[in-house]
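# Inside the fold
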Amino acid sequence: MTDVTGAPADVLHTLFRSDQGGHEQVVLCQDRASGLKAVIAIHSTALGPALGGTRFYPYASEQEAVADALNLARGMSYKNAMAGLDHGGGKAVIIGDPEQIKSEELLLAYGRFVASLGGRYVTACDVGTYVADMDVVARECRWTTGRSPENGGAGDSSVLTAFGVFQGMRASAQHLWGDPTLRGRKVGVAGVGKVGHHLVEHLREDGAEVVITDVRADSVRRILDRHPSGVTAVADTEALIRVEGLDIYAPCALGGALNDDSVPALTARIVCGAANNQLAHPGVEKDLADRGILYAPDYVVNAGGVIQVADELHGFDFDRCKAKATKIFDTTLAIFARAKQDGIPPAAAADRIAEQRMAEALRH
C-alpha cells in the first residue's frame, strides 16, 4: 500500500502519527550517475545540529532503509542528550552493498546532499563506512566528523567508547555492590573486536577476571596471547551467558543480545556493554528487572564514540573528550537513582531524563 507520493504508507504513518515518529525532516537522496540512494533522517535539533553516523547497508527494500534511518535517528537524539552534547539526533543510510557499489563518486555525491542541509545534520562513520570514507565526504561537506587525524579528525573512536562502557560498569558495581572497583569480579565480554578488546584491557587493569567469546577466532587469539592469565575463552555467546559465577555480562557485538531466550539464561547480576540496541523488544527491560538483573542502558554507556566525533567540530582534544566520557559514571548512577525513585527500569528512566532535557531546550 502506498500514499499519493508512492511512498509506503506505513513509513509515513510512522513519521507523522506514531509514537516512534516525531521526526523533523527526512530527505530522500538520489544520484543516478554514481548509483547513490540514501535517506537522511533528522529526529530533533532541539539541543543543536543533529549528529549521527552514515550506515552503508544492502537493505532488502527502500521501505526497510527508511524505517531504519527513522529508528536510528531517534536513538541518536536520546544518546546525544544523555551524553550532555549540544546536538540533536540524526542518521543517514546509504542503500546498497558497500563492497559492490561504494566509490569516490558516490561518497562525494552523498557529501553534497549532507552539505545541502546547511549544518542541520552532521555525519560520521557507522556500519559500512570508515574514517577514509569520511575523509572523502568531507571534501564536499564541512559538516563531517570521524575523519582521519591527517585531515583534522579524531580517527578511531573505539578507544573512548570502551572507556565509557568501563565507566558505566564501575557505576553499576557501585550501585549494586557499594564499590566501583571490578577487582575480583568475573566479567563476560561477547565480542572482542574494535571496542571489546579495549574494554578487556580496562577490566584487566582493574583486576577483573574476564571470559571472552567472538565469532572471529583471530580476535580471541589476540586477547589470549596478550593475557596468558586472567582471561579465558568460551565457544559462543550461548556458553558465555551461562558461565557459572559471572558477575557482569558485556554484549559488545550485535544488537538484540537481550531477548526472550537469553535473559532467562543469564547468570550475571549486571548487563553493561557497548553493543547498540541490546533490548530485542520493549518488554525485555522489565524481564531483566524482574530477575533482579541491573541493566545499564546501552546508549548511555556507549556514548564515548559520539562524544569524540562531536569534539572534532571544536578542534579535537583527546583529554577534553576523556573528561566528558568519564562523566558517564555519574550519568549512569543518576539513571539508577531515577529508576529507583520512579519505580521503573533503568532504560525507561534514561528515556525520561533525555526527553526532559530535550523538552527544556525547546522551552528556552
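The structure we're discussing is the one just above.
Not measured: the values here are computed from a predicted model.

## Overview of helix H7 (residues 196-205)
Most of H7 sits out of view: seven of its ten residues are buried. Looking only at H7, the buried set comprises Gly196, His197, Leu199, Val200, Glu201, His202 and Leu203. Buried residues in H7 make contact with helix H6 (158-177), strand S7 (186-190), strand S8 (209-213), helix H8 (217-226), strand S9 (231-233) and strand S10 (248-251). Following H7 by one or two positions, glycine 207 adopts a phi angle in the positive range, close to 90°.

## A closer look at the nonpolar core
In terms of nonpolar packing, the biggest core is built from 68 residues, with Tyr110, Tyr121, Met169, Val189, Leu199, Leu203 and Ile212 touching the most fellow members. The greatest single-element share of this core, amounting to seven residues, is contributed by H6. When neighbours within four sequence positions are excluded, valine 189 is seen to be in contact with Gly196, Leu199, Val200, Leu203, Val210, Val211, Ile212, Thr213, Leu240, Ala250 and Cys252. In terms of nonpolar packing, the next biggest core, distinct from the first, is built from 18 residues, Val263, Leu288, Ile293 and Tyr295 among them.

## Let's talk about the side chain of aspartate 311
Relative to the elements of secondary structure, aspartate 311 occurs in helix H13 (residues 304-312). Beyond its immediate stretch of four places on either side in the chain, aspartate 311 contacts Phe316, Asp317, Arg320, Cys321 and Lys324.

## With respect to the environment of leucine 85
Secondary-structure assignment places leucine 85 in the loop between helix H2 (62-82) and strand S5 (88-95). In this structure the C-alpha to C-alpha distance between leucine 85 and asparagine 302, which are 217 residues apart in sequence, comes to 14 Å. In contact with leucine 85, other than residues within four places in its own chain, are Leu47, Asn80, Val306, Ile307, Ala310 and Arg357.

## Overview of helix H4 (residues 104-115)
Think of an α-helix as 3.6 residues a turn; residues three or four steps apart then line up on the same face. With twelve residues, H4 extends 16 Å between its outermost C-alpha atoms, agreeing within 8% with the 16 Å of an ideal straight helix rising 1.5 Å per residue. The complete set of buried residues in H4 reads Leu106, Leu107, Leu108, Ala109, Tyr110, Gly111 and Val114.

## Overview of the packing of aromatic side chains
Overall, the coordinates contain two aromatic pairs when judged by the stated rule. When the centroid spacing of 5.1 Å and the interplanar angle of 70° are considered together, the rings of tyrosine 57 and tyrosine 59 count as edge-to-face. A relative accessible area of 38% means that tyrosine 57 is categorised as partly exposed. The buried category is assigned to tyrosine 59, whose relative accessible area is 9%. Their ring planes at 75° and their centres at 6.2 Å tell us that tyrosine 78 and tyrosine 299 sit as a pair that is edge-to-face. Residue tyrosine 78 is located in helix H2, and its partner tyrosine 299 is located in helix H12 (residues 298-301); the two are separated by 221 residues in the primary sequence. On the basis of relative accessible area, tyrosine 78 is assigned to the buried category, the value being 8%.

## Thoughts on the packing of H13 against helix H14 (residues 318-326)
For the pair H13 and H14, interaxial distance at closest approach is 9 Å and the crossing angle is 145°. Remark: the crossing between H13 and H14 carries right-handed chirality. Contacts between H13 and H14 involve Ile307, Gln308 and Asp311 from the former and Arg320, Cys321, Lys324 and Ala325 from the latter. Here the residues of the contact of H13 with H14 are counted per class, giving three nonpolar, one polar and three charged.

## Focus on the pattern of salt bridges
Under the criterion given, the structure shown has 19 salt bridges. The closest approach of N and O atoms between aspartate 133 and lysine 102, which form a salt bridge, is 2.6 Å. With aspartate 133 in helix H5 (residues 131-137) and lysine 102 in the loop between helix H3 (98-101) and H4, the pair connects residues that are 31 residues apart, well separated along the chain. What makes aspartate 133 buried here is its relative accessible area of 9%. A relative accessible area of 24% places lysine 102 in the partly exposed class. The structure contains a network of salt bridges with shared partners spanning Arg55, Asp68, Lys91 and Asp126.

Conventions used here
Residues numbered from 1 in each chain as written. Predicted model: local features only at pLDDT ≥ 70, side-chain atom pairs only at ≥ 80, totals over all residues. Heavy atoms only, no water. Buried < 20%, exposed > 50% of the residue type's maximum accessible area, 1.4 Å probe, protein only. Helix = DSSP H or I, 4+ residues; strand = E, 2+ residues; numbered from the N terminus. Contact = heavy atoms within 4.5 Å. Core = buried A, V, L, I, M, F, W, Y, C linked by side-chain atoms within 4.5 Å. Expected span 1.5 Å × (residues − 1). Phe/Tyr/Trp six-rings, centres within 6.5 Å; stacked < 30°, edge-to-face > 60°. Axes fitted to C-alpha atoms, helices over the stretch in contact; angles between N-to-C directions. Left-handed = near helix turned anticlockwise from the far one by under 90°. Nonpolar A, V, L, I, M, F, W, Y, C, P; charged D, E, K, R; others polar. Salt bridge = Lys/Arg side-chain N within 4 Å of Asp/Glu carboxyl O.

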